[in-house]
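Residue-level structure breakdown
This is what each chain is made of:
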Amino acid sequence: MSVMKELFYPFSEAAVKALRAGDTVRISGLVYTGRDRLHKHLAEGGKCPVQLRDGAIFHCGPVTVRDGDGWRVAAAGPTTSIREEPYMASIIGKYGVRVVIGKGGMGKQTLAACREFGCVYLQAVGGAAALLAKRIRRVDGVDFLDEFGATEALWHLTLDGLETVVGMDAHGNSVYDEVRRDSEQRLRELIG
Amino acid sequence: MTNWVDILTELVHRTTSDLPRDAEQALATAASAEAAGSRSAMLLEALAENTRLARAQGSPLCQDTGTLTFFFDVPQGYDTLALENAAKTAVAAATANGWLRKNTIDSLSGRSIDDNVADGAPVCHFEQSDRDDVEVWLLQKGGGSENMSRQYSLPDSAIGAGRDLDGVRKCLLDAVWRTQGFGCAPGVLGVCIGADRAEGFLQAKKQLLRPLDDVSDNPQLAELERRVLAEANSLGIGPMGMGGKTTLLGVKVTSRTRLPASFFVTVAYLCWACRHRGILVDANGEPQDLN
Ligand code: SF4
C-alpha cells in the first residue's frame, strides 16, 4: 500500500524532484489561481504582482463570496489545463514556478519545462467542488479582480491537504501519456 | 393547487447537491475494486467524500452546475406554458440561493446572464401521457461532459465501423477512448442508434435518466450495453484518465428508425457528477421521488 506524500509551500526543488508520476500527494499552503487571462498576460511579459518562485499556479476559477473584509470560497474546481499549453512552459521557466495544479494534464512543451526547471503537474479531483472548497482554508488576497473578472482573477488561496496525483513529474514522465499509450493498444485489440 | 415553483426549486436543489444513490454506490464499488492506497482508489474516495459533503451541506456537487434540461410527461390538456414559466422561476431562485452558478453566457455579446434564465434556458421538453399525474425529470449536465458527446455517421472508415451493431460497438469504444483526460471519468454513456441528428442527441440524452442497473428490454441492445461496459473498463483509462479499472459506470442504449441513406450513432457522455432526479406529482400536488 502506497502512502500519500505531503507537499508544503514554499515548494523546494528537492521536494518537487522527489515526486514520481503516479504518486498521490496532499498539497498545503499558498497557491495562486490562474486561467487563460493570467497566462496570456504573463507570457506576453505583463507585470506579475506576486512572487511565483517556488510557488504554485492552480488552474481554477473559484466561486468566491464577500465575507466581511475578505473573501470565502463557495465552490471551486480545477479547470482543463491544456488550454494553457501555449504559455505554460515559458511561465515555468521565467518565474520558477514549481507546481502546476489542474485537470487533464498538459502537452510536450510543459513536460519538457517541468524536467528542465524542476516543476511538477498535479491532477486535482475533477468536479469535486464541495471537497475542494473544504480544502481551501482561506483566501489570502486577490489581484487583477477588476481587469480579469472574478473567475479569471489571480486569487491567493491557502490549501489544507488537497488530494492530488502527480500527473507529470520533473523527470519527463507523464501518467497521461502512459495511460493513452496503453489504452490505445487495448483499443486496437478491441476494434481491430 | 400544485405549487410548481416550490416543487421545481426543490428538485433543482436536490439534483445539484444530492447524487443519486445508485451512482454513489457505483463509485463505492469502483473504489473497493482498486488496490487500497492506489491513486485510482484515492480519486474515487475523494469523489465519495465530495458526494457526502455536498449532500450534507446542500451545496453543488460540482462547480459547473451545467445545462438544466427538464423532461415533463403531462396529462392531456395540461398547461405546459405555466410549467415552463415555473421552471424558469425555479432556476432563477436556485441561482439566487447559490445552488446554481452563474453559468449562462449570451453567445453574441459574451455577457453573463446572471439568473441563468433566457429563451430556451432552462431547456424544457414536454410529452403527453395517458395518466393524470405529472412526471418530471431534471438532468444537469456540465460543459466538460457535454463537450465529449459526439455523433458518428456509419460507415466510418477511420475506426472500421460498418452499419451494424459491431460498428456501433466500435463507435462507443472510440468515444470512450477520446474522452480520456476530459469529462471527469468514470462516466455514463447514453446512446441512440438511428434517428436523424437532432433526435439522436435528444434520445441519447434521455437514456442517461435510466437507473444504472436498468437493462434494455431488447436482448441485442442488452448484450451491447453489457459488452461495451466491460470492454470500455478493460481500456484501463480509469478515474480522471489517470489509469484504473473503472472508466464507465454504465452504458444505456436505445434505437430509433433511420433513413436508408443515414446511420447515426449518437453518444451522450455524462461525467461521474451524473446529476439527474425524477419526481411524480399527483393531482393534489404531492411530489414522490422516482430515483
Ligand atoms: S465534467 Fe462533470 S464533474 Fe467534471 S467539471 Fe464538468 S460537470 Fe463537473
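Given the structure is predicted, the values throughout are model-derived calculations rather than measurements.

Once that is clear, we can look at the nonpolar core. Membership of the largest hydrophobic core comes to 98 residues, with the highest contact counts inside it found for Leu 189 and Val 265 of chain B. One finds Leu 19, Val 25, Ala 76 and Trp 155 of chain A within the second-largest nonpolar core, a separate group that totals 27 residues.

In this section: the site of the ligand. Taken together, the neighbourhood of the ligand is formed by 14 residues, with Lys 103 of chain A together with Cys 62, Cys 184, Cys 271 and Arg 275 of chain B sitting nearest. This site is not confined to one chain, since residues near the ligand come from chains A and B. Residue composition of the shell around the ligand, by class: five nonpolar, six polar and three charged. No fewer than three residues from each of domain 1 (4–15 + 61–142 + 275–289) and domain 2 (144–270) of chain B sit in the shell around the ligand.

What follows is about the packing of helix 3 (residues 85–95) of chain A against helix 4 (residues 108–117) of chain A. All names here are of chain A. In the contact formed by helix 3 and helix 4, the axes pass within 8 Å of each other and the chain directions differ by 10°. Judged on the interaxial angle alone, helix 4 and helix 3 are roughly parallel. The residues of helix 4 that touch helix 3, namely those facing Glu 85, Met 88, Ala 89, Ile 92 and Gly 93, are Lys 108, Gln 109, Thr 110, Ala 113, Cys 114 and Phe 117. Within the contact of helix 3 with helix 4, the residues separate by chemical class into six nonpolar, three polar and two charged.

How large an interface is tends to be reported as the accessible area lost when its parts come together. All names here are of chain B. What the domain assignment reports for chain B is domain 1 (4–15 + 61–142 + 275–289) and domain 2 (144–270). Opposite the 11 residues of domain 1 that make contact, domain 2 presents 12 residues. A combined buried area of about 970 Å² lies between domain 1 and domain 2, and 63% of that area is made up of carbon and sulfur atoms. Taken together, the connections running from domain 1 to domain 2 amount to two salt bridges. Residue Lys 141 pairs with Glu 146 through a salt bridge whose shortest N-O separation is 2.6 Å. If you look at where domain 1 meets domain 2, you find eight residue pairs in polar contact (both at pLDDT 80 or more). The set of elements that each furnish at least two residues to the side of domain 1 that touches domain 2 consists of strand 1 (67–74), strand 2 (123–128) and strand 3 (134–141). Ranked by residues supplied to the side of domain 1 that touches domain 2, first place goes to strand 3 with four residues. Across the side of domain 1 that touches domain 2, the residue classes break down as three nonpolar, five polar and three charged.

Residues and elements named next belong to chain B. Structurally, Glu 225 is set in helix 8 (residues 219–233). For Glu 225, the side chain forms a polar contact with the main-chain nitrogen of Ser 216, separated by 3.2 Å. Not counting chain neighbours up to four residues away, the residues in contact with Glu 225 comprise Arg 210, Asp 214, Val 215, Ser 216, Val 251, Lys 252 and Val 253.

What follows covers the packing of helix 2 (residues 21–33) of chain B against helix 3 (residues 39–57) of chain B. Residues and elements named next belong to chain B. The contact between helix 2 and helix 3 brings their axes to 8 Å, and the two run at 150°. Taken together, the axes of helix 2 and helix 3 lie roughly antiparallel to each other. Classified by chirality, the crossing of helix 3 by helix 2 is left-handed. For the pair helix 2 and helix 3, the contacting residues are Arg 21, Glu 24, Leu 27, Ala 30 and Ala 31 in the first and Ala 41, Leu 44, Glu 45, Leu 47, Thr 51, Arg 52 and Arg 55 in the second.

Let's shift gears to the packing of aromatic side chains. The tally for this structure, following the rule as stated, stands at six aromatic pairs over all chains. Aromatic pair Phe 70 of chain B and Phe 72 of chain B: ring centres 5.8 Å apart, planes at 15°, arrangement stacked. The class of Phe 72 of chain B is buried, set by a relative accessible area of 1%. Between Phe 72 of chain B and Phe 126 of chain B, the aromatic rings sit 5.0 Å apart at their centres with planes inclined by 10°, giving stacked as the arrangement. One end of the pair, Phe 72 of chain B, is in strand 1; the other, Phe 126 of chain B, is in strand 2, with 54 residues separating them in the sequence. Residue classification places Phe 126 of chain B among the partly exposed residues on the basis of a relative accessible area of 28%. Over the ring of Trp 177 of chain B we find Arg 180 of chain A, and its NZ or CZ is 5.4 Å from the ring centre.

Further remarks concern the pattern of salt bridges. Pairing of side chains with opposite charge becomes possible as their charged atoms draw close. All names here are of chain A. All chains considered together, the criterion is met by 36 salt bridges over all chains. We note a salt bridge from Glu 163 to Arg 135, for which the minimum N-O separation is 2.6 Å. Of this pair, Glu 163 sits in strand 9 (residues 154–168) while Arg 135 sits in helix 5 (residues 129–135), and the two are 28 residues apart along the sequence. Comparing Glu 163 with Arg 135, the two get one shared label, buried.

Conventions used here
Residues numbered from 1 in each chain as written. Chains lettered and ligands numbered in written order. Predicted model: local features only at pLDDT ≥ 70, side-chain atom pairs only at ≥ 80, totals over all residues. Heavy atoms only, no water. Core = buried A, V, L, I, M, F, W, Y, C linked by side-chain atoms within 4.5 Å. Buried < 20%, exposed > 50% of the residue type's maximum accessible area, 1.4 Å probe, protein only. Near = heavy atom within 4 Å. Nonpolar A, V, L, I, M, F, W, Y, C, P; charged D, E, K, R; others polar. Domains from an automatic or database assignment. Axes fitted to C-alpha atoms, helices over the stretch in contact; angles between N-to-C directions. Helix = DSSP H or I, 4+ residues; strand = E, 2+ residues; numbered from the N terminus. Parallel < 35°, antiparallel > 145°, perpendicular 65-115°, else oblique. Contact = heavy atoms within 4.5 Å. Buried area = accessible area lost by both parts, 1.4 Å probe. Salt bridge = Lys/Arg side-chain N within 4 Å of Asp/Glu carboxyl O. Polar contact = N/O pair within 3.5 Å; in protein donor to acceptor, adjacent residues only side chain to side chain. Left-handed = near helix turned anticlockwise from the far one by under 90°. Phe/Tyr/Trp six-rings, centres within 6.5 Å; stacked < 30°, edge-to-face > 60°. Lys NZ or Arg CZ within 6 Å of the ring centre and 35° of its normal.

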